[in-house]
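Chain by chain, the residues:
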Amino acid sequence: MGSRRRYVLAGTGNRGIEMFGQAIVGPYAERAELVGFFDVNPLRMAAAARRLGIEAPAFTDFAECLKQVRPDAVIVATPDNTHHEYIVTAMRAGADVITEKPLATSAEHCHSILDAERKTGRKCIVAFNFRHAPFNTKIKELLLTHCVGRIISIDFHYHLDTRHGADYYRRWHRQKKTSGGLLVHKATHHFDLINWWLEQEPVTVFARGDRQYYGPTRTERGVRCSDCAYTGACEFYLDLSSKPWMVELYKDAETADGYYRDRCVFDPEIDIEDNMQVLIGYSGGTNLSYSLTSFLPFEGLTVAFNGTRGRLEAEEIWSENSNENPFDRYGITLYPIGRQKESIPVPMLLGGHGGGDERLLRMLFEESASDPMGHRADARAGAISILVGVAANESIATGRAVAIPRIDL
């Protein structure tokens, strides 16, 4: 076995362990080595080590972790509002960074990361798995052929079901101070896809959004599911004891930091929107109409590109009760002006995020892997997608359109 790249995992929640930890100790074990954990919760780190089947030093002090372990790279999978802190600290300590999306939750934090990159010479890659999904890659391939001509407008609608969608209102994502709201935490995926598909940059944003489904919309509520009086009647009841990973990582770790994974989705402290609409103007003249709804009976995306030579429509919609073939609607159709419509063959993959996770991991851990379509997303791409969500939040708050300044490196 040759020299392996040394990684520290910062943030030992389910995503950090299942996405990145399992990849390092599994298919990429010959290339990568997990040499340390960082988390504010020591019980969760111990559970992470057990789940991964390894022994590695664990730290609740990030600077001390970097000093003792001296990793080649750090994987950041902590709450969103802390990303910039760990990214910048890691780069200043001489490590590269892989960060879960979003890159950060504010323009100021984005600029601090880009500044640290320039000054340290280290690099930060954002884990935008949506780019890597074959379905979304096929859309990129088609647009590169100019099949619809010059793109004038785009309609992009993302739907979250009441299984996945409700979970954002149980966890730390429920407050803007920690997640930036869904226009930052979730929509960063979608804004990045549009930026990547178009090869243009967003310049103006106007948005509307409110909270009408979750939050204090019903009086039958408690603090958390575990001790709620309405568990028998509530369709959103979450039993932490039903899944071993929830018990290990959250229920049994509560005493260390007081974090409850099963908070009530109707809690008055929730301050993020549950439905949002955004209009975005791009540098090349394209206009985007975007929406995100988090309480539907199905999940997925619908997107259409309207151009001077026709229209390209794509749908990837699946049901809450997924089975071996969960897709209700799946496909890409080209409507050329003056010609018959054409159904475009596209592979149907059921892996994580439509097959995107597997392909993203290859790009992350096989650094020599070719990238002809630009799937790898650097910190600048992460910042541009975040600035759309930050501007959208400002527009909702002020009722005004917001300009996005260009990021020059």
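Residues numbered from 1 in each chain as written. Predicted model: local features only at pLDDT ≥ 70, side-chain atom pairs only at ≥ 80, totals over all residues. Heavy atoms only, no water.

(A) Molecular detail of the overall build of the protein. Counting its secondary structure elements, the protein contains 15 helices and 16 strands. The globule rule puts the C-alpha radius of gyration for 409 residues at 22 Å, and the 21 Å found for the protein is close to it. Overall, the C-alpha framework of the protein stretches about 65 × 55 × 45 Å when taken along its three principal axes. The buried share of the protein, reckoned over its 409 residues, is 56%. Partitioning the intrachain contacts of the protein with sequence separation of at least 6 by distance along the chain shows that 72% fall at a separation of at least 24. Mean positive and mean negative side-chain charge positions of the protein (47 and 53 charges, respectively) differ by 3 Å. (Helix = DSSP H or I, 4+ residues; strand = E, 2+ residues; numbered from the N terminus. Rg over C-alpha atoms; globule rule 2.2 N^0.38 Å. Buried < 20%, exposed > 50% of the residue type's maximum accessible area, 1.4 Å probe, protein only. Contact = heavy atoms within 4.5 Å. Lys, Arg positive; Asp, Glu negative; His and termini not counted. Charge placed at Lys NZ, Arg CZ, Asp CG, Glu CD.)

(B) Geometry of the packing of helix 7 (residues 134-144) against helix 11 (residues 187-198). At a minimum axis distance of 9 Å, the contact between helix 7 and helix 11 shows a crossing angle of 30°. By the criterion of interaxial angle, the relationship of helix 7 to helix 11 is roughly parallel. Between helix 7 and helix 11, the residues in contact are Asn136, Thr137, Ile139, Lys140 and Leu143 and Leu193, Trp196 and Trp197, respectively. Residues of the contact of helix 7 with helix 11, tallied by class, amount to five nonpolar, two polar and one charged. (Axes fitted to C-alpha atoms, helices over the stretch in contact; angles between N-to-C directions. Parallel < 35°, antiparallel > 145°, perpendicular 65-115°, else oblique. Nonpolar A, V, L, I, M, F, W, Y, C, P; charged D, E, K, R; others polar.)

(C) Summary view of the packing of helix 2 (residues 42-52) against helix 12 (residues 244-251). Interaxial distance between helix 2 and helix 12 falls to 8 Å at its minimum, and their mutual angle equals 145°. Contacts between helix 2 and helix 12 involve Arg44, Ala47, Ala48, Arg50 and Arg51 from the first element and Trp245, Glu248, Leu249 and Tyr250 from the second.

(D) Summary view of helix 5 (residues 107-120). With 14 residues, helix 5 should reach 20 Å at 1.5 Å per residue; the first-to-last C-alpha distance of 20 Å fits that figure. Regarding helix 5, the residues found buried are His109, Cys110, Ile113, Leu114, Ala116 and Glu117. The arc enclosing the buried residues of helix 5, seen along the axis, measures out at 155°, which places them on a common side. Away from its buried face, by an angle of more than 90 degrees, helix 5 presents the exposed residues Glu108 and Lys119. Among the structural elements, helix 4 (83-92), strand 6 (124-127) and helix 15 (379-398) are those in contact with the buried residues of helix 5. After helix 5 finishes, the residue glycine 121 shows a positive phi value of roughly 80°. (Expected span 1.5 Å × (residues − 1). Arc of directions from axis to C-beta.)

(E) Structural context of the nonpolar core. Core analysis: the biggest nonpolar cluster contains 93 residues, and Ile139, Trp197 and Tyr290 have the highest contact counts within it. By residue number, the principal contributor to this core is helix 15, which donates 10 residues. Apart from residues no more than four positions distant in its own chain, tyrosine 290 is found in contact with Phe156, Tyr158, Leu183, Ala187, His190, Phe191, Met276, Gln277 and Val278. Counting residues in each nonpolar core, the second largest holds 29 residues, with Met19, Ile24, Tyr250 and Leu360 among its members. (Core = buried A, V, L, I, M, F, W, Y, C linked by side-chain atoms within 4.5 Å.)

(F) Local environment of the sheet that holds strand 7 (residues 151-161). Pairing in this open sheet of nine strands is mixed, and the strands run 14-13-12-11-7-10-9-8-16 from one edge to the other. In this open sheet, the two strands that pair with only one neighbour each are strand 14 (342-344) and strand 16 (402-403). Where strand 12 (residues 310-319) meets strand 13 (residues 327-336), nine bridges bridge the pair, whose relative direction is antiparallel. Opposite glycine 310, over in strand 13, you have proline 336 as the bridge partner. Sheet contacts for helix 7: strand 7, strand 11 (298-307), strand 12, strand 13 and strand 14; angle to strand 12, the most-contacted strand, approximately 180°. Sheet contacts for helix 15: strand 8 (202-210), strand 9 (275-282) and strand 16; angle to strand 8, the most-contacted strand, approximately 50°. (Pairing = 2+ DSSP bridges.)

(G) Representation of the pattern of salt bridges within the structure. As enumerated under the stated definition, the model contains 35 salt bridges in all. Residues participating in the shared-partner salt-bridge network are Arg5, Asp96, Arg122, Lys123 and Glu367. (Salt bridge = Lys/Arg side-chain N within 4 Å of Asp/Glu carboxyl O.)

(H) Spotlight on the pairing of strand 10 (residues 287-296). Counting buried residues along strand 10, seven of its 10 residues qualify, which places the element largely inside the surrounding structure. In this sheet, strand 10 lies alongside strand 7 in parallel orientation, the contact comprising eight bridges. Following the sheet pairing, isoleucine 154 is matched in strand 10 by leucine 288. Pairing of strand 9 with strand 10 involves seven bridges; the strand directions are antiparallel. Looking at strand 10, one finds that asparagine 275 is bridged to threonine 293. Hairpin connection from strand 9 to strand 10: four residues lie between these consecutive antiparallel strands, with glycine 285 at a positive phi of about 95°.

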